[in-house]
Amino acid sequence: MIVKEVLPECFCITYIIEDDTILIGDSTSLRIKFDTYNNGIGPQGKSIIIRSNTEKEYNTLMIKYNILQ
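All of these numbers come straight from a predicted model, not from anything done at the bench.

What counts, and at which threshold
- Residues numbered from 1 in each chain as written.
- Predicted model: local features only at pLDDT ≥ 70, side-chain atom pairs only at ≥ 80, totals over all residues.
- Heavy atoms only, no water.
- Helix = DSSP H or I, 4+ residues; strand = E, 2+ residues; numbered from the N terminus.
- Buried < 20%, exposed > 50% of the residue type's maximum accessible area, 1.4 Å probe, protein only.
- Contact = heavy atoms within 4.5 Å.
- Core = buried A, V, L, I, M, F, W, Y, C linked by side-chain atoms within 4.5 Å.
- Disulfide = S-S within 2.5 Å.
- Patch = residues over 30% accessible without salt bridge, like charges linked within 9 Å, V, L, I, M, F, W, Y side chains within 5 Å.
- Areas by Shrake-Rupley, 256 points an atom, 1.4 Å probe, with all protein chains shown as cover.
- Salt bridge = Lys/Arg side-chain N within 4 Å of Asp/Glu carboxyl O.
- Lys, Arg positive; Asp, Glu negative; His and termini not counted.
- Charge placed at Lys NZ, Arg CZ, Asp CG, Glu CD.

Undergrad: I'm lost on the side chain of Ser47 in this one. Help?
TA: Structurally, Ser47 is set in strand β4 (residues 42–52). For Ser47, a relative accessible area of 15% translates into the label buried. What Ser47 contacts, discounting residues up to four positions off in sequence, is Leu7, Pro8, Glu9, Ile13, Thr60, Leu61 and Met62.

Have a look at this one:
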């Protein structure tokens with residue numbers, strides 16, 4: 001699998017992908033950093049679209065979180 005693009009929903013999300021080419025039986029890590037500044041308090045969610053060379057080209061990763069203060 002080749003990860004072609006990682007598309008966060010907003011500029012408040014940054015990411016680092018360890019390797020964009022994943023061979024059969026291998027894995028990789030996608031580290032996500034989220035800036036909560038000006039996002040309010042309470043339960044929220046964001047999405048990240050991952051585009052790859054798989055049969056389903058676009059896959060969505062949903063992140064749910066709760067900002068306490």
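There is more to say, and it comes next.
Undergrad: Would you mind showing me how to read the nonpolar core here?
TA: Among soluble globular proteins, nonpolar side chains are generally buried collectively. Grouped together as the largest cluster of nonpolar side chains are six residues: Val3, Val6, Cys12, Ile13, Ile22 and Ile48. Those residues within four positions of Ile22 in sequence are excluded, and the remaining contacts are Met1, Val3, Ser27 and Thr28.

Undergrad: Is there a simple way to explain the state of the cysteines in this structure?
TA: By definition, a disulfide links two cysteine residues through a covalent bond between their sulfur atoms. Scanning the model with the defined rule gives one disulfide in all. Cys10 shares a disulfide with Cys12; S-S distance 2.1 Å. With the S-S bond torsion at -40°, the cross-link from Cys10 to Cys12 turns out left-handed. Classification of Cys12 as buried rests on a relative accessible area of 17%.

Undergrad: Please clarify how a negative patch on the surface should be interpreted in this entry.
TA: There is a patch of like negative charges on the surface, built from Glu18, Asp19, Asp20 and Asp26. Asp26 gets classed as partly exposed once you look at its relative accessible area, which sits at 48%.

Undergrad: Sorry, what's going on with the pattern of salt bridges here?
TA: Any two side chains of opposite charge can pair if their charged atoms end up close together. Counted by the stated rule, this structure contains two salt bridges. Residues Glu5 and Arg51 are paired through a salt bridge, measuring 3.2 Å at the closest nitrogen-oxygen approach. One end of the pair, Glu5, is in strand β1 (residues 3–8); the other, Arg51, is in strand β4, with 46 residues separating them in the sequence. Between Arg51 and Glu57 there is a salt bridge, with its nearest N and O atoms 2.7 Å apart. Given a relative accessible area of 31%, Glu57 falls into the partly exposed group. Each of the salt bridges in this network shares a partner with another, and the network as a whole consists of Glu5, Arg51 and Glu57.

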